[in-house]
Amino acid sequence: MTPRILVTNDDGIAAAGIGALARAAVDRGLEVVVAAPLEEASGTSAALTAVEREGHVVVRDHPLPGLPGVPAYGVGGSPGFIALIAVHGAFGPPPSVVLSGINRGANAGRAVLHSGTVGAAFTAAANGCRAMAVSLDVLSAGEATAASGGAAVAAAARVRDPKRHWSTAARVALDLLPRLLAGPAESVLNVNAPDLPYGRLLGVRRGSLAGFGQVQMTVAETGHGFVRTSLEEPGQSVPPGTDLALLAAGYATVTAVRAVTEAADVDLSGLDG
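Our subject in this report is the structure included herewith. Here the structure is a predicted model, which is why all the values come from computation and not from measurement.

Let's talk about helix α6 (residues 166-175)
Since one α-helical turn is 3.6 residues long, residues separated by three or four positions face the same way.
In step 1: Of all the ten residues making up α6, seven are buried; the element is thus mostly covered by neighbouring parts of the structure.
In step 2: Taken together, the buried positions of α6 are W166, T168, A169, A170, V172, A173 and L174.

Right, here's the structure in full:
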């Protein structure tokens, strides 16, 4: 049976990456439905937030260019919320796989905890649906900080998006789909690709999670009634074999992760009395 795929993201329904991922899935003969936030929802992790009007969550038809016949919806909710209602039949038959992305910027290291792209995949997996998060490495720390500085700056930063190599990340992700389908449903594949033509990739490697993210938040300024933050590159070196190291070297990376697992190595003995 052909897998039914939900494609979602945290950059918003109009982002370039979501169309590329949906088209790649359609080209592989998969049944696709698209549902993503009406507005950008980056950094929302697995939050279950939604905008309601008169007791109804806002859902709008939002056909995507080049995808005639593929149902697509802009939703007034976070990516995690969208994944959750999808597996409960909000957009037709529940999907068997959630593909979340293609995110504008890498989601690597332990910073995946904060990603709305990865959060949607975690939420799907926690509800019995196989899931993959897909990201394209397009942002430096300086660009990310600038893009968070205001709508005009963010819009200017997105001008280059049509020239990004979204198809590279999409191809890597769809090639990994059989491995996702063969694995346990509670696991998520987190995929990152460098912004390169597919032919220039050095390969696809399994990477362990780096102990930190590609960028780190810092407090740039505090004052009466405000705090200003910025993003900077981590000061420490990246250990070999981690997702960040492999990505920087020109490899696409994949890491199998689970959102919530019990810690069996914490001593909680002697509590039964």
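Points about the packing of helix α1 (residues 16-27) against α6
The packing of two helices is summarised by the inter-axis angle and the distance between the axes.
In step 1: α6 packs onto α1 with a crossing angle of 45 degrees between their chain directions and a minimal axis gap of 9 Å. Here α1 is positioned oblique relative to α6, judged by the angle of their axes. Crossing hand, α1 versus α6: right-handed. For the pair α1 and α6, the contacting residues are A16, G17, A20, L21, A24 and A25 in the first and W166, A170, A173 and L174 in the second.

Some words on the pairing of strand β7 (residues 97-104)
In step 1: Burial analysis of β7 places eight of its eight residues in the buried class, which makes it a mostly covered element.
In step 2: With four bridges joining them, strand β1 (residues 4-8) and β7 adopt parallel strand pairing. Following the sheet pairing, I5 is matched in β7 by V97.
In step 3: When β7 meets strand β8 (residues 130-137), the two strands line up parallel, connected through six bridges.

Cut-offs used in this document
Residues numbered from 1 in each chain as written. Predicted model: local features only at pLDDT ≥ 70, side-chain atom pairs only at ≥ 80, totals over all residues. Heavy atoms only, no water. Buried < 20%, exposed > 50% of the residue type's maximum accessible area, 1.4 Å probe, protein only. Helix = DSSP H or I, 4+ residues; strand = E, 2+ residues; numbered from the N terminus. Axes fitted to C-alpha atoms, helices over the stretch in contact; angles between N-to-C directions. Parallel < 35°, antiparallel > 145°, perpendicular 65-115°, else oblique. Left-handed = near helix turned anticlockwise from the far one by under 90°. Contact = heavy atoms within 4.5 Å. Pairing = 2+ DSSP bridges.

What is shown is where atoms sit, not what they do.
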